[in-house]
Amino acid sequence: MQLTDEQLATWRRDGSIVVPNVFPPESFAPALEAVERNAYGGLTYTEYRTKWEENPTEIQQLYEKTPPMQRLAGPMGGAVHFPTGLPAVDKLLENDDYIDCACQLLRTDEIRLGYGQIFFREGLTDTRYSENSWEGYHIDNGTNSQLPPHPDWERYSYLLSGIILHDIDEDGAPMLVCRGSHKQLASLYDRHGGSAGGMGLSDLRECDELAEPTPVTAKAGSVAFRSSYLIHAAQPFINKHRQRGWMGFHFHRADNADWCHTTRPVPGWTTPEFVGFVADSTPRARHLLGWPNPGDAYYTEESLQRLTNAYPGIDLTPYRNAMAV
Ligand SMILES: O=C(O)CCC(=O)C(=O)O
């Protein structure tokens, strides 16, 4: 997929863009069902609402028993971090149009996955927002980077994306972003300070230079991309009968990999989730995880044999076909 000049100009100006029609329904619909069942203890959203709508105290108690990190994936969140072990969700990473967009926004074909996460909120239980409308504004750069923001955002920031699994309208708690703020940190960082790669604003009203926050509404199948330097915040659901779910992947330029390491507790290389995903994935998605491309000198008869042992069921044909004879 080729982004238009206008889309690229919007990206550079705003540090935020929604690209429509990246994922077809046959890919986002099963992913939505999987994240719903993961969020609601095995139920779909309709089933969850029928069961819990009339019992707000009980569902709140259940929600409070869910560990805070799991709540990122919903009130009874199970899997959170990529690879989630939910095939319909993990396979979203393999979409070529999606990877093409990320490469163009990062201005290189050599990109790497920093982190992936289900992000799911739901109106009956949600408390993931600040009390006052001027609070809670921050950048996400510190999630994966030790380094404070640099003036050259196109070179040093990374990319956060949300694969939108259902329509997100104004009343469904769309993220609020200050467009253009990714290029305005010079005047803010010294006043508000930060730690490692992150920064939070204590009071948006003290930041006159920033644009008014605007909501990131989006249609199912689109992808919301934002720079890790973009200032944003959560807002409450206007309509408590809404959910908001996306699958998020963070990408960085391969030449930033020295300092882009996520702080999140991701499934390790030997977990069934990781081994299962890699065994069943594509060379392009594996390259996002750092695997050399087919044709690389790493791939020999001996190393292919070891890969077969390490990743049972893996189809190594593309690597074998590209081997020098
Ligand atoms: O839920 C939202 O809209 C905002 C989430 C947020 O602030 C974040 O992901 O850092």
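1. Things to note about the overall build of the chain
- Along the backbone of the chain there are 13 helices and 10 strands.
- In terms of C-alpha radius of gyration, the chain reaches 20 Å, essentially the compact-globule figure of 20 Å for 325 residues.
- Once the C-alpha set of the chain is aligned to its principal axes, its extents read approximately 65 × 50 × 35 Å.
- Taken across its 325 residues, the chain has 40% of its residues classed as buried.
- For the chain, the proportion of contacts with a sequence separation of at least 24, taken over those separated by at least 6, is 83%.

2. Observations concerning unusual backbone geometry
- Of note, the bond from Phe82 into Pro83 is cis; its omega dihedral lies within 30 degrees of zero at -10 degrees.
- Mapping Pro83 onto the fold places it in the loop between helix 5 (68-71) and helix 6 (87-90).
- At Asn21, a residue that is not glycine, the phi angle is positive and equals roughly 55 degrees.
- Following the sequence through the fold, Asn21 ends up in the loop between strand 1 (16-19) and helix 2 (25-39).
- With a phi close to 60 degrees, Ala173 is a non-glycine residue in the positive phi region.
- In this fold, Ala173 is placed in the loop between strand 4 (159-164) and strand 5 (176-177).
- The class for Ala173 is buried, based on 25 C-beta atoms found within 10 Å.

3. Side note on the sheet that holds strand 10 (residues 243-253)
- Within the open sheet, the five strands sit side by side as 1-8-4-10-2. Their pairing is antiparallel. The sheet terminates laterally at strand 1 and strand 2 (111-122), the two strands that pair on one side only. Sheet twist, expressed as the mean angle between neighbouring strand axes with direction ignored, is 20 degrees.
- Bridge analysis of strand 2 against strand 10 gives 11 bridges, and the strand direction is antiparallel. Bridge pairing in strand 10 places Leu113 opposite Phe251.
- Contacting strand 1, strand 2, strand 4, strand 8 (223-227) and strand 10, helix 7 (residues 96-106) runs over the sheet at an angle of about 150 degrees to strand 4.

4. Considerations on the environment of Ile59
- Considering the arrangement of structural elements, one finds Ile59 in helix 4 (residues 56-65).
- Residue Ile59 is classed as buried on the basis of its 20 C-beta neighbours within 10 Å.
- Spatially, the C-alpha atoms of Ile59 and Leu124 are 8.1 Å apart, while their sequence positions differ by 65 residues.
- Setting aside its immediate chain neighbours within four residues, Ile59 contacts Trp52, Pro75, Leu124 and Thr125.

5. With respect to the site of the ligand
- The ligand sits among Arg128, Asp140, Met175, His232, Ala233 and Ala234.
- Partitioned by chemical class, the residues of the shell around the ligand number three nonpolar, one polar and two charged.

6. Focus on the confidence of the model for the chain
- In the predicted model, the chain carries a mean pLDDT of 96, and the fraction of residues at 70 or more is 100%.
- Mean pLDDT across the secondary structure elements of the chain bottoms out at helix 9 (residues 185-192), with 87, and peaks at strand 8, with 99.

7. Things to note about the nonpolar core
- By size, the foremost hydrophobic cluster in this structure holds 71 residues, and its most contacted members are Ala31, Val35, Ala102, Ile118, Leu165 and Val223.
- Not counting chain neighbours up to four residues away, the residues in contact with Ala102 comprise Ile111, Leu159, Ser161 and Phe251.

8. A short note on the pairing of strand 4
- Most of strand 4 is tucked away: six of the six residues are buried.
- Covered by surrounding structure in strand 4 are Leu159, Ser161 and Ile163 together with Leu160, Gly162 and Ile164, the residues of both alternating faces.
- The pairing of strand 4 with strand 8 spans five bridges and is antiparallel. For Gly162, the partnering residue across the bridge sits in strand 8 and is Ala224.
- Where strand 4 and strand 10 come together, six bridges link them in antiparallel fashion.

9. Looking at the domain arrangement of the chain
- In terms of domains, the chain is made up of domain 1 (5-260) and domain 2 (265-325).
- For domain 1 and domain 2, the distance between their C-alpha centroids amounts to 29 Å.
- Counting from both sides, the interface comprises 14 residues of domain 1 and, opposite them, 15 residues of domain 2.
- Every element with two or more residues in the side of domain 1 that touches domain 2 is listed here: helix 7 and strand 2.
- In terms of residue count, strand 2 provides more of the side of domain 1 that touches domain 2 than any other element does, four residues in total.
- For the side of domain 1 that touches domain 2, the per-class residue count stands at seven nonpolar, three polar and four charged.

10. Topic: helix 2
- A rise of 1.5 Å per residue sets the reference length of helix 2, with its 15 residues, at 21 Å; its end C-alpha atoms lie 20 Å apart and thus fit the reference within 8%.
- Turning to helix 2, its buried residues number three or more, namely Phe28, Ala31, Leu32, Ala34, Val35, Glu36, Asn38 and Ala39.
- In this fold, the buried residues of helix 2 make contact with helix 3 (45-52), helix 6, strand 2 and strand 10.
- Positioned one or two residues after helix 2, Gly41 has a phi angle of 60 degrees, which is positive.

Criteria and thresholds
Residues numbered from 1 in each chain as written. Predicted model: local features only at pLDDT ≥ 70, side-chain atom pairs only at ≥ 80, totals over all residues. Helix = DSSP H or I, 4+ residues; strand = E, 2+ residues; numbered from the N terminus. Rg over C-alpha atoms; globule rule 2.2 N^0.38 Å. Buried ≥ 20, exposed ≤ 12 C-beta atoms within 10 Å, placed from the backbone. Contact = placed C-beta atoms within 7 Å. Pairing = 2+ DSSP bridges. Axes fitted to C-alpha atoms, helices over the stretch in contact; angles between N-to-C directions. Near = placed C-beta within 6 Å. Nonpolar A, V, L, I, M, F, W, Y, C, P; charged D, E, K, R; others polar. pLDDT = per-residue confidence, 0-100. Core = buried A, V, L, I, M, F, W, Y, C linked by C-beta atoms within 7 Å. Domains from an automatic or database assignment. Expected span 1.5 Å × (residues − 1).

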